[in-house]
Amino acid sequence: RLFFFMLWFFVTLAPMMNIMPIANIMAERYLYLPSVGFCAILAYISIGIWRYACTFISWEDGKVGRWEGGNLNVSTPRFNQLLLVFVTCLILIPAVPYSVFTIKRNKIWKDPFTFWSKTVEDSPNSSRAHNNLGMIYHQQDKTDLAIREFQASIAIESDPEYHHNLGMAYQKKGMKEEALQEYYRVLAVNPNSALTHNNMGNILIDKGRFDEGILKFKEAIRLKPNYYDAHYNLGLAYFKKGLLDASIDEFKLAIHYEPDHAEAHSCLGTAYANKGQFDKAILEIEEAIRQKPNYPNAYKNLGLIYLNYKKDIQKALYCFNAFLRLDPKNREAEMIKKTIEELLALLAVETAKSIN
């Protein structure tokens, strides 16, 4: 049995011994399976020591002694008690520290932020740890902290993934030129990164460089034909250029690949409305609201269609009020409030006329 557990330890550890190159030479998870064999070996040795000690220590009628020639010799109880304490301590010495360390270590694993913060503290030269902590900050909208961590990871290892993540953080902070520079560094190593092409396209569109942005989106789609974000962003770019038919085609493709995205349905509805296809527009925007009931802009756009093209004041008022309820601080809120007041005044006049 001892041989089996020793074999278990080395066999389960072998794949992580970098015989074949692996990304991380050291990691806690590499010891999960081998530790089963280690603990079994430790238990086997402890049981062996205990059994060996029991050949010298015995109990009978509440007395502690040593068996000699079939008789229990209690002439040296002090020695026997000390031996018993020694054997117990010998077994507990490895067990107690392991248990305490495991309990302390479990606290570090309570969430990703705690884990990677502790990893960065213990291993400040780990580029992966800095990168992963940066991603957590990025997701928490702590952009400055994310940039700091991504920069630290790049200082340790110039990896395309880290440059891309730093580019995303710069882009989120509005540092467009810095973001573009990071994305160019990514493409210099990995020109087939659809995500990088798509992100660059968004920056170029924001800078008013529509043709360059459209080329980037097309390249992203060439590399990844079912890329929802690239189709959606290309649709927006075409819409901004006034190319409504091309915009509609891209929004349809985006919906084809991911039909549950309310934003694509809403934008497709807006494109239909601009082409004068109002019934189709209403269907798409209503689908967007069905998928995302708290979507204020969809309510606003639907209200405008009902007001300007369907001349349905009641439905328009319902949509405008829903818009204000969901997003009262929107920059267009004051305009919508004035529109509601005008519509209510108009309804009051029509009601008065009908009574007279």
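Provided above is the structure to which this section pertains.
Reference entry: report on the structure contained in this document.

The rules we used
Residues numbered from 1 in each chain as written. Predicted model: local features only at pLDDT ≥ 70, side-chain atom pairs only at ≥ 80, totals over all residues. Heavy atoms only, no water. Axes fitted to C-alpha atoms, helices over the stretch in contact; angles between N-to-C directions. Helix = DSSP H or I, 4+ residues; strand = E, 2+ residues; numbered from the N terminus. Parallel < 35°, antiparallel > 145°, perpendicular 65-115°, else oblique. Left-handed = near helix turned anticlockwise from the far one by under 90°. Contact = heavy atoms within 4.5 Å. Nonpolar A, V, L, I, M, F, W, Y, C, P; charged D, E, K, R; others polar. Buried < 20%, exposed > 50% of the residue type's maximum accessible area, 1.4 Å probe, protein only. Polar contact = N/O pair within 3.5 Å; in protein donor to acceptor, adjacent residues only side chain to side chain. Core = buried A, V, L, I, M, F, W, Y, C linked by side-chain atoms within 4.5 Å.

Quick look at the packing of helix 16 (residues 313–326) against helix 17 (residues 333–355) now. Contact geometry for helix 16 and helix 17: axes closest at 10 Å, N-to-C directions at 150°. If you check the angle between helix 16 and helix 17, you find them roughly antiparallel. Read as a crossing pair, helix 16 and helix 17 show a hand that is left-handed. Here Ile313, Gln314, Leu317, Phe320, Asn321, Phe323 and Leu324 of helix 16 lie close against helix 17, whose contacting residues are Ala333, Ile336, Lys337, Thr339, Ile340, Leu343, Leu344, Leu346 and Leu347. Here the contact of helix 16 with helix 17 is composed, by residue class, of twelve nonpolar, three polar and one charged.

Okay, the packing of helix 7 (residues 160–173) against helix 8 (residues 176–189) next. Any two packed helices are characterised by the angle at which their axes cross and by the distance between the axes. Two elements in contact, helix 7 and helix 8, have axes whose closest approach is 8 Å; the angle formed by their N-to-C orientations is 160°. In terms of axis orientation, helix 7 runs roughly antiparallel to helix 8. Helix-helix and strand crossings are classified by hand; for helix 7 and helix 8 the assignment is left-handed. In this structure, helix 7 uses Pro160, His163, His164, Leu166, Gly167, Met168, Tyr170 and Gln171 to contact helix 8, whose residues at the interface are Glu178, Ala179, Glu182, Tyr183, Arg185, Val186 and Val189. Residue composition of the contact of helix 7 with helix 8, grouped by class: eight nonpolar, four polar and three charged.

Below, the discussion takes up the side chain of histidine 130. Mapping histidine 130 onto the fold places it in helix 5 (residues 127–139). Take histidine 130: its relative accessible area is 8%, and that puts it in the buried class. In terms of polar contacts, histidine 130 uses its side chain to reach the backbone carbonyl oxygen of proline 124, at 2.8 Å. Contacts of histidine 130, omitting those with residues within four sequence positions, involve Val120, Pro124, Glu149, Ala152, Ser153 and Ile156.

Among the nonpolar cores identified, the biggest contains 39 residues, and Tyr232, Leu302, Ile305 and Phe320 are the most heavily contacted of them. Counting residues per element, the ones that place at least two in this core are helix 11 (228–240), helix 12 (244–257), helix 13 (262–274), helix 14 (278–291), helix 15 (296–308), helix 16 and helix 17. When residues in this core are grouped by element, the largest group, eight residues, is from helix 16. Apart from residues lying up to four places away in sequence, phenylalanine 320 is in contact with Lys300, Gly303, Leu304, Leu307, Ile336, Thr339, Ile340 and Leu343.

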